[in-house]
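# Structural overview
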Amino acid sequence: EKRQQLPGPLILAMTFGLKCGLLLLLLSTSCAQKAQEETVTFSLRDYTNLYRKAELKDLQRQMSADQANLEKENEALLNKLRNGQAERQHRREVLPQNWQLLSHEAQGECQFRSGQERAPATYNFTLEFRVFEDEWTAIRLIDAQTIVKNWSISRRSANHSDSFQEITLGSDTFLMLQPREEAKDVEAWEDHSLVTNVSGIYRISFQTHSHVRSNRQLQTLQLNLLHPISETQLRLGAENGHIREISVEPTAHWEAKEAANFTDLKIYMPSTRQMSLKWRIVPRGSYVADEPGAESSPETQVEASVVHDMLHSVDESILHTLHSFKYVLDSEQSLNKIEIHFPGRERITSVVAQGMTNWKSMPRSANATAKSGSVLQVAFKSSAISKEVVILVTTELSTQHKKRLQLPTAHCQRVLRQSGTIAVVKLANIELHQEAAVGAARLGIDQVPLHMSSKAGKPIILAYKFMAPTHTVDLSVIHHEEMNTLESVVDAALYKVLVVDDQVMHNLLLNLQNTQRQYMAVQGIDPDATIWTAKVNSVSSKLALRDGQLLVPLQVAGAGFESKSSVEIAWVQPLQLERAGMVQLKPPRLDMPMAALSMEVWFPADYEVNFTTSLRQVEAYSQRQPSAVNYETGKEVVDKDFDFASAPRPKRKDAGVQSKMPKAGSRWRFEQLLVVDGKADLKIAYQKPEAEMEGWLTYLSKICMF
């Protein structure tokens, strides 16, 4: 057979393919062996358990991470809650409620048309509140007795500056009548209230109608609010009329702009919940009293009754009179000007009245004589609107030691009636008796009005009542001569003396009463003595010298000072004690009597003494001893509920050098009552006793006897 020869290139290709196949076979065998070495063979059950454990570990790691995140979020929420509670606590210390009033505006209008008996006033209120927390909150708005309409409630977020959005009342925000807790009447009192549980800023608007009281062209508008207001605007309209005599309570400042048929008022007042506005409508073409004190027209003439109370204080040569005129008007109105005639010779010294602008006094007639009397004119503000006006007038009348006295009177002009009371007190050593009384009847002292008796200052001795100003009361005056009494007296005096070998120390302590004396003269102090201490009421004082006398300044009783005082003087003077001699220890002489004098003498114990004195020697004092007086008060400030019973005793702050007398030797006591003109004397005769000495001879003789 004949072999077929393959071409050379084919053989080469087959050889290359065979080599590649062998190489791949070797590589696959190597990889299979390596894979077989890294692969673990186990059962399906073991594989399932292993898978579940791995999944459980993954879940545990995920739960730990989630728990850590939750704890962080919880801690952040707790911190936010704590901060919110602290902020709420601080806020409630200032604002106990969950809301805050931001603004309160009120604009009103009252149109009074001809033929109307009353004209209601319409007020538009706008209030803004901030509600802090999302919790149920009730905000009282206005009294339920007020006629209210046109409610409008809008809200916006407190944290953003977005505009107000009107809200629809529903379950989370609504209006209701809420009982007032502080109501004291039997009938329950209620208020219109806004109730909500949504925080934010609320704007509430509503319209009210209020009645305006009218009395003889005087209009009165009263506002009673639940929230304070400090500014309001009001338009007062009046056809064919002027708005006059505007008055606002509480005291306020207002700006008025008058137009053809209305007047616009802008009122500024202190923050208040109540406002009373009064004004008068004057018809056009009639007389308008714009200026204070201008005469009123016949249509607006004041009709008043006067209660006239007088208090007469009779002195030695002057009669002081206090007049109280109480004008009771028929309605609340302005009292433009009043006129009072005083027919006597008294001189008007002062006039006091609320709402008064000025007053003047003039003679009753052109030919001014002493008997013509005087006229008092008092002008008032047009805004002083009231139903009662009280005017206090004081007068003086020279009596010049007259034995007969006619009490002054006063006549109020253009009034319906004038009646009152008369009270008389005396200020000097005189006697007053009734001589005659025409048009006046005696009255019990206890029936004098309290507002007059409280101003008397002295007991009232005569009292009358009268029903008309034309009355006369004549009194007889008996003058008595005054007797002089003691201006000062020493209640107790203690005089201490300490005698040593070369000097003597003196200490004088006094308790005295003083009414008029400015100085106390002290005599008997040696000119060579050295003054250590001089105190008046425990305060160091400077002494004066006049004609060899020491002058001690005293405090006069009255003007806030007590009549009891204390004086303490200490001085030292030289003295040389011999073996025997005499010492005169006479207490200082004062220019005022002493009720009780006590004396204490200390003398060296190694002397024998003998006393020659006008005083009585005692073992113990029978009278109360003087003590230092101190009227100084502290300036410390204590708490409201301070317990003064447990407080320590205050430390007295004394000015000057403190001198305390030492004690040495033997003591003797003396006392005397009623020392006048310094009649108290003490002399001491002293000597040293002879010593019993045993000489050397006596001693030696005794030895020799043995």
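Attention here is on the structure that accompanies the text. (Residues numbered from 1 in each chain as written. Predicted model: local features only at pLDDT ≥ 70, side-chain atom pairs only at ≥ 80, totals over all residues. Heavy atoms only, no water.)

## Some words on the overall build of the protein
- Within the protein one finds four helices and 42 strands.
- Out of the 706 residues belonging to the protein, those deemed buried represent 35%.
- Counting only contacts in the protein whose residues sit at least 6 apart along the sequence, the fraction spanning at least 24 positions is 77%.
- As displayed, the protein has an accessible area near 44,500 Å², and 51% of this comes from carbon and sulfur atoms. (Helix = DSSP H or I, 4+ residues; strand = E, 2+ residues; numbered from the N terminus. Buried < 20%, exposed > 50% of the residue type's maximum accessible area, 1.4 Å probe, protein only. Contact = heavy atoms within 4.5 Å. Areas by Shrake-Rupley, 256 points an atom, 1.4 Å probe, with all protein chains shown as cover.)

## A word on the sheet that holds strand β6 (residues 173-179)
- Taken in spatial order, the three strands of this open sheet run β3-β7-β6, and their pairing is antiparallel. In the strand order of this sheet, the two ends are held by β3 (137-143) and β6, each with one partner. Within the sheet, the average angular offset between the axes of one strand and its neighbour, ignoring direction, is 35°.
- Of the pairings in the sheet, the one linking β6 to strand β7 (residues 190-196) comprises seven bridges and is antiparallel in character. In the strand pairing of β7, Gln178 is matched with Asp191. (Pairing = 2+ DSSP bridges. Axes fitted to C-alpha atoms, helices over the stretch in contact; angles between N-to-C directions.)

## With respect to a nonpolar patch on the surface
- A cluster of nonpolar residues, Leu23, Leu24 and Leu27, forms a patch on the protein surface that exposes about 310 Å² of accessible area.
- Positionally, Leu23 belongs in helix α1 (residues 8-38). (Patch = residues over 30% accessible without salt bridge, like charges linked within 9 Å, V, L, I, M, F, W, Y side chains within 5 Å. Salt bridge = Lys/Arg side-chain N within 4 Å of Asp/Glu carboxyl O.)

## A look at the sheet that holds strand β22 (residues 411-412)
- The four strands are arranged β18-β19-β16-β22 in an open sheet whose pairing can be described as antiparallel. Edge positions in the sheet fall to β18 (356-363) and β22, since each of these pairs with one other strand and no more.
- Here strand β16 (residues 337-342) pairs with strand β19 (residues 374-380) via six bridges, running antiparallel. From the neighbouring strand, Ile338 faces β19, where its bridge partner is Val378.

## Things to note about the pattern of salt bridges
- For the coordinates displayed, the defined rule picks out 15 salt bridges.
- Note that Lys266 is salt-bridged to Glu231, the shortest N-O span being 3.8 Å. With a gap of 35 residues between them, Lys266 in strand β13 (residues 262-283) and Glu231 in strand β10 (residues 218-238) connect regions that are remote in the sequence.
- Among the ionic pairs, Glu396 bridges to Arg347, the shortest N-O distance being 3.0 Å. Of the two residues, Glu396 is situated in strand β20 (residues 385-398) and Arg347 in strand β17 (residues 347-353); the sequence distance between them amounts to 49 residues.

## A closer look at the environment of Val390
- Residue placement: Val390 occurs in strand β20.
- In this structure the C-alpha to C-alpha distance between Val390 and Lys326, which are 64 residues apart in sequence, comes to 4.4 Å.
- The residues touching Val390, leaving out its near neighbours within four places in the chain, are Ser324, Phe325, Lys326, Val352, Ala353 and Gln354.

## Quick word on the packing of aromatic side chains
- Tallied over the full model, the rule gives 11 aromatic pairs.
- Taken together, a centroid distance of 5.1 Å and an interplanar angle of 65° make the contact between Phe611 and Phe670 edge-to-face. Placement of Phe611 in strand β39 (residues 608-613) and of Phe670 in strand β41 (residues 666-675) is noted, with a sequence separation of 59 residues between them.
- With relative accessibility at 18%, the residue Phe611 sits in the buried group.
- Taken together, the aromatic side chains of Tyr123, Phe125, Trp151 and Phe206 make up a single cluster linked through ring pairs.
- Residue placement shows Arg235 over the ring face of Phe262; its charged tip is 4.0 Å from the ring centre. (Phe/Tyr/Trp six-rings, centres within 6.5 Å; stacked < 30°, edge-to-face > 60°. Lys NZ or Arg CZ within 6 Å of the ring centre and 35° of its normal.)

## Examining unusual backbone geometry
- Here Glu249 and Pro250 are connected by a cis peptide whose omega angle stands at 0°.
- Within the secondary structure layout, Pro250 lies in the loop between β11 (241-249) and β12 (253-258).
- One non-glycine residue, Asn150, lies in positive phi territory at about 55°.
- With respect to the helices and strands, Asn150 occurs in strand β4 (residues 147-156).
- Phi at Leu674 is positive, roughly 55°, even though this residue is not glycine.
- For Leu674, the location among the structural elements is in strand β41.
- Residue classification places Leu674 among the exposed residues on the basis of a relative accessible area of 67%.

Read these as spatial facts, not as claims about activity.
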